[in-house]
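Descriptive analysis of the structure
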Amino acid sequence: MELSEQIPFEPEAQQALERQWGVLVGGRGPGAALLQARGVRGVVRESWSRSAGAAVRPDLGSAPVVLDDDQLQAATAQCDWLNLANLWVVRQQGTLGGVGHVLTLFDHEARMLSSVGDPAALDGLAEINFRPGGHWAESVVGTNGPGTALATAAPAHIVGAEHFCERWQRWHCAAVPIRDPGTGQVTGVLDISGFREQAHPHTLNLALALAAGVPGWLAIRSAIGLLPEADPLRNGFDLGVLID
C-alpha cells in the first residue's frame, strides 16, 4: 500500500480520475499506457493493468454470482474463522458512524460470504451483485477493494473512478486481508463499502482495526480449544484489548 500517494476523495480529484479512466480504460487504451498513467495511484495503475490483462470488461454490469444458497452455506461452513468474524463484525456495526456503509466478509477466493449494514447501501450494492455469493476477484471484475486486497495481500482502499468497471464507480471499498495467526496465510478479507461521496481516510483505519481483531479471536479459540462455532464472548473475553 503506497501511503505517500493521495487517495482521490475530493470531487475534483474524482473528476480528473474519471477523465483518465475514460481514455485509458473506457477507451481501451494500450496496456502499457495503464502503467504510465499520471494522476493515478501506483496500486491502481497496477490493478488496472492486471484487470486489462485478465480481459475484464470495463462495461461489466454486475459481478457473477457463483454460490447459490446451498453452496453459500457449504462455503461458510468451510471457513472456520467466519463465525468468529461475524460475531465481531455484528458487535461493531455501530462504529461505522452513520448510514451508507456495509461490512462484508469474503473467503480467500473473493467470494462474499456475509454482508450487514445500511439497508440503502445493501440494496444498491445488490444491484451489482456485491452481495453474498458474488465473486469479486480482481481477475473477474477488475479493480475493487476486496479483490485488489487479495491480489496484493495488502490493505486496499479503492474510491470511485479508481474502479476498473464503470458501474462500480458509484462506490468506495476499504478492504483488509485476514490472516491465519498460525500460518500467516490470507484466509479472507474484511471490507467496508459505501457510497463514494462518503469515502473518508478513517474508513480504511476502521477496517484495519476490525480486521486486526479476527486473528486475535482465532488465536484465543486455538489456545482454549473452542469449536469454530463457539462464541468466545460467552467465555469472558473482550476483544477490545486485542486492538487497543
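Residues numbered from 1 in each chain as written. Predicted model: local features only at pLDDT ≥ 70, side-chain atom pairs only at ≥ 80, totals over all residues. Heavy atoms only, no water.

Observations regarding the packing of aromatic side chains
Counted according to the given criterion, the structure contains four aromatic pairs. The interplanar angle of 75 degrees and the centroid separation of 5.0 Å between the aromatic rings of F130 and W136 together place this pair among those described as edge-to-face. Among the residues examined, F130 registers a relative accessible area of 4% and is labelled buried. One aromatic cluster in this structure is built from F106, F130, W136 and W168. (Phe/Tyr/Trp six-rings, centres within 6.5 Å; stacked < 30°, edge-to-face > 60°. Buried < 20%, exposed > 50% of the residue type's maximum accessible area, 1.4 Å probe, protein only.)

Let's talk about the nonpolar core
In terms of nonpolar packing, the biggest core is built from 34 residues, with V25, W48, I128, F130, W136 and W168 touching the most fellow members. For this core, the elements supplying multiple residues, two or more each, are α1 (11-26), α3 (42-53), β1 (101-107), α6 (119-126), β3 (156-159), β4 (171-179) and β5 (186-195). Sort the elements by how many residues they give to this core and α1 lands first, with four residues. Not counting the four nearest positions on each side in its chain, F130 is found in contact with T104, F106, M112, L125, W136, P146, C173, D191 and S193. Counting residues in each nonpolar core, the second largest holds 21 residues, with L82, A85, I178 and A211 among its members. (Core = buried A, V, L, I, M, F, W, Y, C linked by side-chain atoms within 4.5 Å. Helix = DSSP H or I, 4+ residues; strand = E, 2+ residues; numbered from the N terminus. Contact = heavy atoms within 4.5 Å.)

Some points on the pattern of salt bridges
Per the counting criterion, the structure on display carries six salt bridges. E18 serves as the salt-bridge partner of R196, at 3.1 Å between the closest nitrogen and oxygen. One end of the pair, R196, is in the loop between β5 and α9 (201-224); the other, E18, is in helix α1, and 178 residues separate them in sequence. Between E138 and R50 there is a salt bridge; the shortest N-O distance is 2.6 Å. With a gap of 88 residues between them, E138 in helix α7 (residues 138-141) and R50 in helix α3 connect regions that are remote in the sequence. The exposure class assigned to R50 is partly exposed, which follows from its relative accessible area of 33%. Through salt bridges that share partners, D107, E109 and R111 make up one connected network. (Salt bridge = Lys/Arg side-chain N within 4 Å of Asp/Glu carboxyl O.)

Things to note about unusual backbone geometry
At A110, a position not held by glycine, the phi torsion is positive, near 70 degrees. On the secondary structure map, A110 appears in the loop between β1 and β2 (112-117). Looking at A110, the relative accessible area reads 1%, which means it is buried. For A153, which is not glycine, the phi torsion reads 55 degrees and is therefore positive. Position of A153 relative to the elements: it lies in the loop between α8 (145-152) and β3. For A153, a relative accessible area of 35% gives the class partly exposed.

With respect to α3
The end-to-end C-alpha distance of α3, which contains twelve residues, comes to 16 Å, matching closely the 16 Å that a straight helix rising 1.5 Å per residue would cover. Those residues of α3 that fall on the buried side of the exposure criterion are G42, V43, V44, S47, W48 and S51. Downstream of α3 by one or two residues, A55 has phi in the positive range, about 60 degrees. (Expected span 1.5 Å × (residues − 1).)

Quick word on the pairing of β1
Most of β1 is tucked away, with seven of its seven residues classed as buried. Judged by which residues are buried, β1 turns out to be covered on both faces: H101, L103, L105 and D107 on one side and V102, T104 and F106 on the other are all buried. Strand direction decides the pairing type here: β1 and β2, joined by five bridges, are antiparallel. Bridge pairing links V102 to G117 in β2. Remark: four residues form the turn of the hairpin made by β1 and β2, two consecutive strands paired antiparallel; A110 in that turn has positive phi of roughly 70 degrees. (Pairing = 2+ DSSP bridges.)

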